[in-house]
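Next come the chains, spelled out residue by residue.
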Amino acid sequence: MKILHICLSGPYTENWTYQENILPKYQSISGNDVYIIATTYRHLQNGDIVDVGEIKKDIDYNIHLQRMKYKKNIFSEKINMFRKYSILTKIEEIKPDFIMMHGIGN
């Protein structure tokens with residue numbers, strides 16, 4: 001099964017023990033094909049937030065990570081999120097069986 005995690009409401013940092021990290025890990029271990037679409041922002045060890053740019057790579061547990069740039073800074077504006085990220089195109093490319101949206105309440 002293809003599972004897509006969308007993490008666009010804040011920084012996504014690899015190898016942390018948050019839901020957006022733990023769920024994909026165990027879904028992949030269970031034999032699923034797991035994708036994450038995230039912002040280009042991540043935390044450094046000291047807590048600073050940095051922009052790492054658009055990246056498409058496989059991370060631990062064969063999880064496919066794609067970081068996408070904001071078309072404009074929308075940390076405070078979540079309306080029309082899909083249009084601002086061109087996310088629908090990515091969803092159509094991946095064709096997931098299941099989508100998990102992280103941080104939608106922010």
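One can find the structure itself at the top, above this paragraph.
All values reported here derive from a predicted model rather than from experimental measurement. (Residues numbered from 1 in each chain as written. Predicted model: local features only at pLDDT ≥ 70, side-chain atom pairs only at ≥ 80, totals over all residues. Heavy atoms only, no water.)

1. Section: helix α1 (residues 19-29)
Residues separated by three or four positions in an α-helix point in the same direction, a consequence of the helix having 3.6 residues per turn.
Here is step 1: Burial in α1 covers these residues: E20, N21, P24, Q27 and S28. Take α1 and look down its axis: the buried residues cluster within an arc of 145°, on one side only.
Here is step 2: Packed against the buried residues of α1 are β1 (2-7), β2 (33-39), β6 (63-68) and β7 (98-102). (Buried < 20%, exposed > 50% of the residue type's maximum accessible area, 1.4 Å probe, protein only. Helix = DSSP H or I, 4+ residues; strand = E, 2+ residues; numbered from the N terminus. Arc of directions from axis to C-beta. Contact = heavy atoms within 4.5 Å.)

2. Topic: the nonpolar core
Here is step 1: In terms of nonpolar packing, the biggest core is built from nine residues, these being L4, I6, L8, Y35, I37, M68, I87, I91 and I94.
Here is step 2: When contributions to this core are tallied by element, the ones reaching two or more residues are β1, β2 and α3 (87-94).
Here is step 3: If you look at the next biggest cluster of nonpolar residues, it comprises eight residues, including C7, V34, I36 and I59. (Core = buried A, V, L, I, M, F, W, Y, C linked by side-chain atoms within 4.5 Å.)

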